[in-house]
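Per-entry structural report
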Amino acid sequence: MRTHDYDYPESEMDERESLYFDTISLADSEAAAAAAHRKSLSQSRNTIYHSAVDLAGDETRNSLRLGGSSSAAAEHRLPWQPGYRQSTALEHLNGAGYGVGGGDQADAAIAAQVLALQNGRTHLPTGIGVGGGGGGAGGVYSYSRSGAGGGGSGDDETYRRFNDGSRSVDFVLAYKGEDVDEVAASKRRIFEANLMSEGIQLEYYKEQWVHFVKLHAPAEVLYRYAEILKIKMPLKIIPGQEQIIADTTPDFRAVSRICRSLFSSVQLNTELFPERKPRIHLEFARKYLELYDEEHPNYFDESTRYSIINFIMQRQQFEGGEEKADNLGIEKLIEDGVYLCAYTLHDKDTRGKLLKEWANIGKWKNLQPLDHIKDYFGPKVALYFAWLGFYTQMLIPVSILGILFFVYGFLTWNSDPISFDICNDNETIMCPQCDRGCKFWRLNETCTSSRFNYLIDNQMTMVFAFVMAIWAVIYLELWKRYSAGLVHRWGLTGFNHHVEHPRPQYLAKISNSKRFSDKLNDPKTSFDPDVPFWSTKFLPNFTSYSIMVLFICISLIAVAAVIIYRMAQRASHTILANENTMTYRIMVLPITAGFLDLIVISILDMAYSNLAVRLTNYEYCRTQTEYDESLTIKNYVFQFVNYYSSLFYIAFLKGKFVGYPSKYNRIFSFRQEECNPGGCLMELCVQLVIIMVGKQAVNAIVEMLIPFLMRTAKEFSQRYDWYRRHSEQKLVPSTNQFTEDFNLLPTENSSLYEEYLEMVVQYGFITLFSLAFPLAPLLALINNVIEVRLDAIKMLRFMRRPVGMRARNIGVWQSIMAVVTHIAVASSAMIIAFSSNFIPKLVYKATHDDPELNGYLNFTLATFYTKDYGTQSLLDVSAQANVTECHYIEFRNDPWENPPYKRPMIYWKILTARLAFIVIYQNIITMLQGILRWAVPDVSGRLLKRIKRENFLLREHIIEYEKRQAQEVTQSQTQPTVGGGAAVTKTETDNFLRQRQNGSDAAAGDNATTYV
């Protein structure tokens, strides 16, 4: 995208442009270029004038001179419009460029020269004025080189408007101008004619290799479809409305002032984003047109207009004859290549405000302008950012608690008896951890790892797990309450998905089926035939989910392969020179395995993400909601297994079924991995950090770096004309808003699937495994603070503007997080029971008179006679080291006990205590979560009361309005209207409404009909 008017490569000039190009001298530097440009325009004005006048003939020359004395010419002189090119330069010169009057033909002649410079640029030359005029209302237009309604800078009235400068461009269709396919051209003509029959106004721009069709929806079309779609609009203030708001708003003004003063640095810029007062909303009806507040920003805002036009385009036929299932909708046209794309336009001013105050990393601590995000992107996108911001704020308290628990571990570092005994034990010899190449090692070699293990496995681990379980429920319940307030403020209370129009892909799919040929020919069912589940839908669904299960098995096999790799590395003695040190075995090996896990997970993620779309396309998903939910569930189930399986292995399986030295349990002749004497929580912590942080880093690269590189490559190739010199032209010079947005990345799916998935997977990390690393919420908080701004930057800078969609919640993601919260309770209980020392310590204290745990370390170790080894290599090692006995981590009988190496009674007591703890913990937490869900309703009592009272007030307001309208009709039929009578009637109505509202609390409970 060029940012200066003088940045114009000569390769883009045609012969006619180059004829005049030498009259303008361009300087090298920016400042000099601008000055030279203005000066040369002034000096060469007469020269250009004579060149143009000579083409028209000598008869008009005298009448066209600049500064002529004719007063009539001065009166009819119109300012030159640099973006206006409905006719050619010669037509402007001869008077055809204006509907009325001749205009300033000398300026039009200059237009022929300057517009040559304008081709491919985004800004007008400095000092050139912009006029108002020209153009008819509606219809189909064709343009020459620069095109009306598009050329010029962002300050031009036609930059994102029609030629007349007043009608906005609400939607844009793009197609290849060099397309010679007559079938595609016929489809476009029929489709565009049908759009015009719906009242949509069209205007064409055919000056580049891509041709554009600009669409505008006039007020009558918006009114008609807003009523059909039951879109709610804000009403004018109703008498008594302020009292309802005051009564249902908590009086925390003093606290609010204190909070605003304390957190003034995070508040929004009220000059750019003024705070909006609450309004009552009513489903749009043309008969109540005068009741709506046309001055309110939400009254037919851009996202509403775009959604209406998108709905119209989804239902238009593009083939002649009878309407069928496979000849409807813009999506089908794009899929067939008839159109390249269909998109809405960014707004320069609003976009600039959002980029400055919202999509800015420097504003990371500021609140989000949710009302303005909703106006710009629609409620569905605004709800995503509202949820992400709320989730990020809710991470603050648990992040602080995680830091405190981590600090507690450091402060009590030296008070842990287990790590103290390990570090001061110089006599305990441990058995080799592999069959070949491993030697006996002393227990104090794990001193460092045992100390770090204490940071996450101490007295506060149980408390942190309890806090996270309660936090998860509080977060979900408070989000429901918060979103209910947002939805009510945006006029979406009571909104639900009405009968959705079938997806074009779904209709095309069933149209190709011989089974439905009869139904498609039936006029009653041709648009939406009934598709039975068992005979038609079952096989695609079964196949789709079977392939999903297959990929889940592949993911599990990949995790198992990494586990076997770890076993093989432990059995090898040729990896590093110091491979026998405990630091390598406990720290280096888990880290390398963790990165290997991350690579495998990322590859499977990318492979399955593309496959999941294909599988969902194979199914019979009738509506877009069904499609999104099916894709979401399939993807998340796979991602759950893909990302969490290795963590579940470390938490629940590693070191639990190792066996003992004379009888190890083996997999492919490899011994199973053992936990270090401090437990497996340390390795779980390392794995969690690598996968969690690594995933966030990969997502950041995919989301931001790739779009940035693609945009940079486009700008680079456009500036140096790389595509034209090396291959066919792929870029569209950015001369106006719709050509600029054409070069942006498409918004493929407005369901925000990728964004939601990333955050919900992160939510699983911190709820399922955060007790293994208390700082996990802090890492998530840091990531999310940046993620909010990066997502905003991506959507504003790199992506086309999505079509606004209505929504009242975050959809199936709410249910997924609720399920993850339930699983997290069981996960935390099992991690505490089987991966920490919490239960063994309790049993030890209960069975031994040792409250200080001085003998606990020996309690967890068993003894083994080296003469009982069944492997010759280990026998040779023990003979060389002159070691007769060694120790290993297990609850087994010593060799001198009968029977040797068998499970003692204490093992079964500990196992019973572990199972009992899981049952008790789950039931207690589940009960507390249920109490919290009951105690925290989804919608606050104040909001419910306000909705009921507003519904009552609105019904009374409509009744009185209907009565007043009926009286006016009656009076107009019987006698002339008396002046002031209507005003008196309205005053009486307002007083009546106030009186009814003051005593309407009992009646307000009737909300059988929801208006608000």
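Sequence order as written defines residue numbering, which begins from 1 separately in each chain. Owing to the predicted nature of the model, reporting of local features is limited to residues with pLDDT of at least 70; listing and counting of side-chain atom pairs is limited to 80 or more, with chain, interface and lining totals taken over all residues. Hydrogen atoms and water are omitted, and side-chain values are computed over all heavy atoms in the structure.

1. Some points on the overall build of the chain
Think of it this way: any DSSP run of H or I at least four residues long counts as a helix, any run of E at least two long counts as a strand, and we number them from the N terminus. A tally of regular secondary structure across the chain gives 35 helices and 14 strands. Every one of the 1012 residues in the chain was classed for burial, and the buried ones make up 52%. For the chain, long-range pairs separated by at least 24 residues make up 78% of all intrachain contacts whose partners lie at least 6 apart in sequence. Here the chain displays about 45,700 Å² of accessible surface, and carbon together with sulfur accounts for 58% of that area. Only protein chains enter the accessibility calculation, which uses a 1.4 Å probe; a residue is then buried when its area is under 20% of its type maximum, exposed when over 50%, and partly exposed in between. Here a residue-residue contact requires only that any non-hydrogen atoms of the pair lie within 4.5 Å. Accessible areas in this description were obtained via Shrake-Rupley with a 1.4 Å probe; residue shielding takes into account the shown protein chains only.

2. Remarks on the sheet that holds strand β1 (residues 171-176)
Strand order in the open sheet made by the four strands is β2-β3-β1-β6, with antiparallel pairing throughout. Two strands lie at the open edges of the sheet, namely β2 (201-205) and β6 (341-343), each paired on one side alone. Direction aside, the axes of adjacent strands within the sheet are offset by 20 degrees on average. Being paired, for any two strands, means DSSP has found at least two bridges between them. Direction of pairing for β2 relative to strand β3 (residues 210-216): antiparallel, over a ladder of five bridges. Note that in β3 the partner of Tyr204 across the bridge is Val213. Sheet strands touched by helix α7 (residues 182-197): β1, β2 and β3. Its angle to β2, the strand with the most contacts, is close to 140 degrees. To obtain each axis, a line is fitted to C-alpha atoms, and for helices this fit is confined to the stretch in contact; angles are then taken between N-to-C directions over 0 to 180 degrees.

3. Let's talk about the side chain of Glu477
Structurally, the position occupied by Glu477 is in helix α18 (residues 461-489). With residues near it in sequence (within four places) discarded, Glu477 still touches Arg933, Val936 and Asp938.

4. Let's talk about the nonpolar core
Only buried residues count toward a nonpolar core. Its members are Ala, Val, Leu, Ile, Met, Phe, Trp, Tyr and Cys residues joined through side-chain atoms within 4.5 Å. Core analysis: the largest hydrophobic core is formed by 121 residues, its most contacted members being Trp387, Tyr391, Trp471, Tyr475, Tyr636 and Tyr644. Among the elements that line this core, the one with the most residues is helix α15 (residues 379-411), at 15 residues. Once you skip the residues sitting within four places of it in the chain, Trp471 turns out to touch Tyr391, Met394, Leu395, Val398, Tyr763, Ile766 and Thr767. Counting residues in each nonpolar core, the second largest holds 46 residues, with Tyr175, Ala217, Tyr292 and Leu953 among its members.

5. Comments concerning the state of the cysteines
Two cysteine sulfur atoms form a disulfide, by the criterion used here, when they sit within 2.5 Å. Evaluation of the coordinates by the stated rule reveals two disulfides. The disulfide that involves Cys423 links it to Cys447, with 1.8 Å between the sulfurs. Disulfide Cys423-Cys447: torsion about the S-S bond near 90 degrees, hence right-handed. In this pair, Cys423 sits in helix α16 (residues 417-423) while Cys447 sits in helix α17 (residues 447-456), placing the two residues 24 residues apart along the sequence. Across the pair, Cys447 and Cys423 agree in class, each one buried. Covalently, Cys431 is tied to Cys886 through a disulfide, its sulfur atoms 1.9 Å apart.

6. Considering helix α14 (residues 370-377)
Taking burial as the measure, the eight residues of α14 include eight buried ones, the bulk of the element. Those residues of α14 that sit buried are Leu370, Asp371, His372, Ile373, Lys374, Asp375, Tyr376 and Phe377. Lining the buried residues of α14 we find α11 (302-314), α13 (348-357), α15, α18 and α28 (776-798). Residue Gly378 follows α14 closely and has a positive phi angle near 100 degrees.

7. Describing the packing of helix α23 (residues 624-652) against helix α29 (residues 812-835)
In contact at an axis separation of 13 Å, α23 and α29 are set at 10 degrees when each is read in the N-to-C sense. The orientation of α23 relative to α29 falls into the category roughly parallel. In this structure, α23 contributes Glu629, Thr632, Ile633, Tyr636, Phe640, Phe648, Ile650, Ala651 and Phe652 to the contact, and α29 contributes Val812, Trp813, Ile816, Val820, Ile823, Ser827, Met830, Ile831 and Ser835. Looking at the contact of α23 with α29 residue by residue, the class counts come to 14 nonpolar, three polar and one charged. By the definition adopted for this analysis, an angle is roughly parallel if under 35 degrees, roughly antiparallel if over 145, roughly perpendicular if from 65 to 115, and oblique otherwise. Three residue categories are used. Nonpolar comprises Ala, Val, Leu, Ile, Met, Phe, Trp, Tyr, Cys and Pro, charged comprises Asp, Glu, Lys and Arg, and polar comprises the others, including Gly.

8. Section: the confidence of the model for the chain
When pLDDT is averaged along the chain, the result is 75; 71% of the residues meet or exceed 70. The predictor rates its confidence in each residue with pLDDT, a number between 0 and 100. This model gives residues 977-984 a pLDDT under 50, and the stretch forms one contact once residues within four places in sequence are excluded.

9. Topic: unusual backbone geometry
Trans peptide bonds make up the majority, and among non-glycine residues the majority have a negative phi. With an omega dihedral of -5 degrees, the bond running from Asn898 to Pro899 counts as a cis peptide bond. Looking at the element boundaries, Pro899 is found in the loop between β14 (885-889) and α33 (905-935). At Phe300, a residue that is not glycine, the phi angle is positive and equals roughly 50 degrees. The residue Phe300 is located in the loop between β5 (281-283) and α11 in this model. When its relative accessible area of 8% is taken as the criterion, Phe300 is described as buried. Non-glycine residue Tyr901 carries a positive phi angle of around 60 degrees. Considering the arrangement of structural elements, one finds Tyr901 in the loop between β14 and α33.

10. Remarks on the pairing of β2
The buried fraction of β2 amounts to four of the five residues, a majority that puts the element mostly inside the structure. Hairpin connection from β2 to β3: four residues lie between these consecutive antiparallel strands.

11. Let's talk about the environment of Leu768
Structurally, Leu768 is set in helix α27 (residues 753-768). Using a relative accessible area of 1% as the deciding quantity, one classes Leu768 as buried. The spacing of Leu768 and Val820 is 52 residues in sequence and 7.9 Å in space, taken between C-alpha atoms.

12. Considering the packing of aromatic side chains
Any two rings among Phe, Tyr and Trp, with Trp reduced to its six-membered ring, count as a pair given centres within 6.5 Å; such a pair is stacked if its planes are under 30 degrees apart, edge-to-face if over 60, and tilted if neither. Following the criterion strictly, the structure yields 60 aromatic pairs and no others. The side chain of Lys206 reaches across the aromatic face of Tyr204, ending 5.0 Å from its centre. Against the face of Tyr343 rests Arg800, its NZ or CZ located 5.0 Å from the ring centre. Only when the NZ of Lys or the CZ of Arg is both within 6 Å of the ring centre and within 35 degrees of the ring normal is a charge said to sit over the ring.

13. Section: the side chain of Asp894
Relative to the helices and strands, Asp894 is located in the loop between β14 and α33. One buried charged side chain, Asp894, makes no salt bridge at all; its nearest oppositely charged neighbour is Arg892, positioned 10 Å away. When residues no more than four places from it in sequence are discounted, the contact partners of Asp894 are Ala862, Thr863, Pro900 and Tyr901. In this tally, Lys and Arg are treated as positive and Asp and Glu as negative; His is ignored, and so are the chain termini. When a carboxyl oxygen of Asp or Glu lies within 4 Å of a side-chain nitrogen of Lys or Arg, that pair is called a salt bridge.

14. Digging into a nonpolar patch on the surface
A surface patch of nonpolar side chains, amounting to about 580 Å² of accessible area, comprises Phe533, Trp534, Phe538, Leu539 and Phe542. Looking at the secondary structure, you find Phe538 in helix α21 (residues 533-571). Judged by its relative accessible area of 33%, Phe538 falls in the partly exposed class. Patches draw on residues past 30% relative accessible area with no salt bridge. Two like charges within 9 Å are joined, as are two nonpolar side chains (Val, Leu, Ile, Met, Phe, Trp, Tyr) within 5 Å.

15. A look at the pairing of strand β13 (residues 861-865)
For a regular strand, side chains alternate in direction, first toward one face of the sheet and then toward the other. Buried residues dominate β13, accounting for four of its five residues. Sheet topology places β13 next to β14; five bridges connect them, and they run antiparallel. Bridge pairing in β14 links Phe864 to Cys886.

16. Looking at the pattern of salt bridges
Counted according to the given criterion, the structure contains 25 salt bridges. The salt bridge involving Arg286 is made with Glu220; its shortest N-O contact spans 3.1 Å. Pair noted here: Arg286 is in the loop between β5 and α11 and Glu220 is in helix α8 (residues 219-228), with a separation of 66 residues, a long-range link. What emerges from the salt-bridge pattern is a single network uniting Arg160, Glu302, Asp347 and Arg801.

17. Quick look at the environment of Glu290
Looking at the element boundaries, Glu290 is found in the loop between β5 and α11. When the C-alpha atoms of Glu290 and Lys236 are compared, they prove to be 8.8 Å apart, with 54 residues separating the residues in sequence. When sequence neighbours within four positions are dropped, the list of residues in contact with Glu290 reads Lys236, Tyr961 and Gln965. Each polar contact in these results corresponds to two N or O atoms within 3.5 Å; when the atoms are within protein, one needs to be able to donate a hydrogen and the other to accept it, and residues that are neighboring in sequence are counted only if both atoms are side-chain atoms. Reaching out from Glu290, the side chain makes a polar contact with the side chain of Tyr961 at a distance of 3.3 Å.

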